[in-house]
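# Chains, contacts and geometry: an overview
Spelled out from the first residue to the last, the chains are:
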Amino acid sequence: MVTTQLLTIGDTTAEGMIMPQLAGDGHASLIVIRCTRGFLMCGYLSLQKAEQLGDAAVRVAGGSFEEVLAHKITGLTPQAAQLGVTPDMTGAQAAAILNAR
């Protein structure tokens, strides 16, 4: 079952979506945090495809929204870099940039 949750990112909110154990018991969850100018995603989704579509996307490992926001990012599209996201950021730092208005 998909769960959605409004997440506080600085002084803004973003929409988090999680599908637990996507491939069945014992498997990883699919996680996306949708911001106003892009999104954070788990490793199930493709940075290459996001780049082809012109999306500002950041890949972050984690099994929960809290972990995704706390962990360092593991990849980003050039579009995310153009907005100011850098490879040394945490998910929360990247989300703050991607959620700026």
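Position numbers for residues start from 1 in each chain and track the written sequence from start to end. Residue-level local features of this predicted model are given only where pLDDT is at least 70; pairs of side-chain atoms are given and counted only at 80 or more, and the full residue set underlies all totals for whole chains, interfaces and linings. Only hydrogens and water are set aside when side-chain values are computed; all heavy atoms of the structure are taken into account.

## Brief notes about the overall build of the protein chain
The numbering of helices and of strands both runs from the N terminus, where a helix is a DSSP run of H or I of at least 4 residues and a strand a run of E of at least 2. Broken down by element type, the protein chain carries four helices and six strands. Listed N to C, the secondary structure of the protein chain is β-β-β-β-α-β-α-β-α-α in terms of helices and strands. As defined in this context, the radius of gyration uses C-alpha atoms, and a globule is described by 2.2 Å times the residue total to the power 0.38. In terms of overall dimensions, the protein chain is globule-like: its C-alpha atoms have a radius of gyration of 12 Å, near the 13 Å expected for 101 residues. Along the first, second and third principal axes, the C-alpha set of the protein chain runs to 40 × 30 × 20 Å. Only protein chains enter the calculation, and the probe is 1.4 Å; a residue is then buried if its accessible area is under 20% of its type maximum, exposed if over 50%, and partly exposed in between. Per-residue burial for the protein chain yields a buried fraction of 40% across its 101 residues. Within the protein chain, contacts between residues at least 6 apart in sequence are counted, and of these 32% link residues at least 24 apart. Between two residues, a contact is recorded if the distance between any of their heavy atoms is within 4.5 Å.

## Here's the deal with the sheet that holds strand S5 (residues 57–60)
Strand pairing is defined by DSSP finding a minimum of two bridges between the two strands. Reading across from one edge, S1-S2-S3-S4-S5-S6 is the order of the six strands in this open sheet, with mixed pairing throughout. Pairing within the sheet leaves two strands with one partner each, and these edge strands are strand S1 (3–9) and strand S6 (73–76). Shown here is a sheet whose adjacent strand axes are inclined to one another by a mean of 25°, direction ignored. With three bridges joining them, strand S4 (residues 39–41) and S5 adopt parallel strand pairing. Looking at S5, one finds that Leu-40 is bridged to Val-58. In the packing of helix H4 (residues 91–98) onto the sheet, the strands contacted are S1, S4, S5 and S6, and the crossing angle to S4 comes to about 150°. Structural elements are reduced to axes, namely lines fitted to C-alpha atoms, with helices fitted over the stretch in contact, and the angle between N-to-C directions of any two is expressed from 0 to 180 degrees.

## Things to note about the pattern of salt bridges
Put simply, a salt bridge is a Lys or Arg side-chain nitrogen that is within 4 Å of an Asp or Glu carboxyl oxygen. Going through the model one piece at a time under the given rule, you end up with one salt bridge. Where Glu-15 meets Arg-34, a salt bridge forms, and the shortest distance between an N and an O atom there is 2.5 Å. Note that Glu-15 is positioned in strand S2 (residues 12–19) and Arg-34 in strand S3 (residues 30–34), a separation of 19 residues in sequence. Residue class for Glu-15 comes out partly exposed when judged on its relative accessible area of 24%.

## A word on H4
Taken residue by residue, H4 has Gly-91, Ala-94, Ala-95, Ile-97 and Leu-98 as its buried positions. Summarising the axial view, the buried residues of H4 lie within an arc of 160°, below the 170-degree limit, and thus occupy one face. As for H4, its buried residues are in contact with S1, S4, S5, helix H2 (65–70), S6 and helix H3 (78–83). Think of it as the arc spanned by the lines of direction from the helix axis to the C-beta atoms.

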